Amino acid sequence: MALLANHIAVVTGAGSGIGRAIASGYAREGAQVVLTDVNADTVAAAAQEIRAAGGKAESFALDVTRREDCLALARQVAEKVGQVSILVNNAGITRRNAFTADAETVAKDWQDILAINLDGIFNVTQAFLAPLRARRGRIVNIGSIQSFVHLRTPSSVAYTTSKHGVLGFTKALAAELGKDGVRVNAIGPGFIETNINAQVRAGNPALVQAFLDHTPLGRTGKPEDIVGPAIFLASDLSAYVTGSIVMADGGYRTV
Ligand code: NAP
């Protein structure tokens, strides 16, 4: 039997990259998938791709920074699709300005990154809390190597702060919701080839190589590399796992 049969899974930022791959993987495992993204076109295409492959998928435009919209979407999903049992908080952005760069630019980065990567997780989780509690659901948050360390590859203090926050949120919520049977975990991807790092890959091969030199498996990751951990954390395979982060980083943090 498929690992996620009878589940309804919401994935944020599902129009591209890791979120899109997770949504497809969940559909292959029998879940009905609710794909959401700020970009209505890409997320509609992603859902269509899943349906064409025989899966069950709906798409909705959602900017995770808009709390009222998140609440409205949760009501809409409850009416049109059903009670959500899995939530993947995946939507995220980064910028690559040093803290010492232009003050206004860095301040804008801080606001935008924390609004999406951290407030967004709060907004969506709170919106879907009732069905997740009712169904003893599972929440999977996308952290990072930067849930633990700052990277010398151009990144921002805001991104590192946000991903440390994702891990803190994961632990705190796991502690609070354990009594309801809701499990809350995170995944820490390494360097995964997606739009988020397309510019770096195109324009700075030396930097990518420096990253690989620090990666025991010696390669960058693909979105598909995150799908297995995401299925594991959403399924009964991880029935006794909560408050954890599964690193899928090619071993980056071991050396
Ligand atoms: P991606 O391909 O850029 O996917 C991110 C998706 O989130 C995009 O579809 C993006 O839409 C969407 N998004 C942006 N702002 C949003 C908002 N306000 N509301 C809803 N959706 C929004 O990048 P990715 O690498 O798959 O990133 C997914 C997650 O993995 C992020 O949390 C990221 O921090 C994390 N992560 C990635 C890596 C990596 O190396 N790729 C490593 C560690 C962690 P638009 O493209 O239309 O803006």
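My aim in this report is to walk through the structure given alongside it, one point at a time.

**Topic: the site of the ligand**
- Around the ligand, 28 residues are found, and the nearest of them are Ser16, Asp37, Asn90, Tyr159 and Thr194.
- Contact between the ligand and Val64: a nitrogen atom at 3.0 Å from a main-chain N or O atom of the residue.
- Here an oxygen atom of the ligand sits 3.2 Å away from a polar atom, N or O, in the side chain of Asn197.
- Contact with the protein chains covers 87% of the free accessible surface of the ligand, which is 880 Å².
- Mapping the ligand onto the cavity grids shows that it belongs to the largest pocket.

**Some words on empty space enclosed by the protein**
- The final tally for this structure, using the stated rule, is two cavities of 30 Å³ or more.
- Lining the largest cavity we find Asn97, Phe99, Val106, Asp109, Trp110, Ser156, Val157 and Ala158.
- When residues of the lining of the largest cavity are traced back to their parent elements, those giving at least two are helix 4 (103-127) and helix 6 (157-177).
- At three residues, helix 4 tops the list of elements feeding residues into the lining of the largest cavity.
- Here the residues of the lining of the largest cavity sort into five nonpolar, two polar and one charged.
- A volume near 30 Å³ is recorded for the second largest cavity.
- Forming the walls of the second largest cavity are Thr12, Val64, Asn89, Asn90, Ala91, Ile116, Gly120 and Ile121.
- Here the lining of the second largest cavity gets three residues from one element, more than from any other, and that element is helix 4.
- By residue class, the composition of the lining of the second largest cavity is four nonpolar, four polar and no charged.

**Side note on unusual backbone geometry**
- In this structure, Asn6 takes a positive phi of about 70° despite not being glycine.
- You can see Asn6 is positioned in the segment before strand 1 (8-11).
- Here Asn6 falls in the exposed class, since its relative accessible area comes to 63%.
- A positive phi angle, near 50°, is found at Arg136, a position not held by glycine.
- Position of Arg136 among the secondary structure elements: in the loop between helix 5 (129-134) and strand 5 (138-142).
- Owing to a relative accessible area of 51%, Arg136 belongs among the exposed residues under this scheme.

Conventions we followed
Residues numbered from 1 in each chain as written. Predicted model: local features only at pLDDT ≥ 70, side-chain atom pairs only at ≥ 80, totals over all residues. Heavy atoms only, no water. Near = heavy atom within 4 Å. Polar contact = N/O pair within 3.5 Å; in protein donor to acceptor, adjacent residues only side chain to side chain. Areas by Shrake-Rupley, 256 points an atom, 1.4 Å probe, with all protein chains shown as cover. 1 Å grid on protein atoms, 1.4 Å probe; cavity = no way out; pocket = protein on both sides within 12 Å on 5 of 7 lines; lining within 4 Å. Sits in = over half its atoms within 2 Å of the grid points. Points joined across faces, edges and corners; volume = space filled by probe spheres on them. Helix = DSSP H or I, 4+ residues; strand = E, 2+ residues; numbered from the N terminus. Nonpolar A, V, L, I, M, F, W, Y, C, P; charged D, E, K, R; others polar. Buried < 20%, exposed > 50% of the residue type's maximum accessible area, 1.4 Å probe, protein only.

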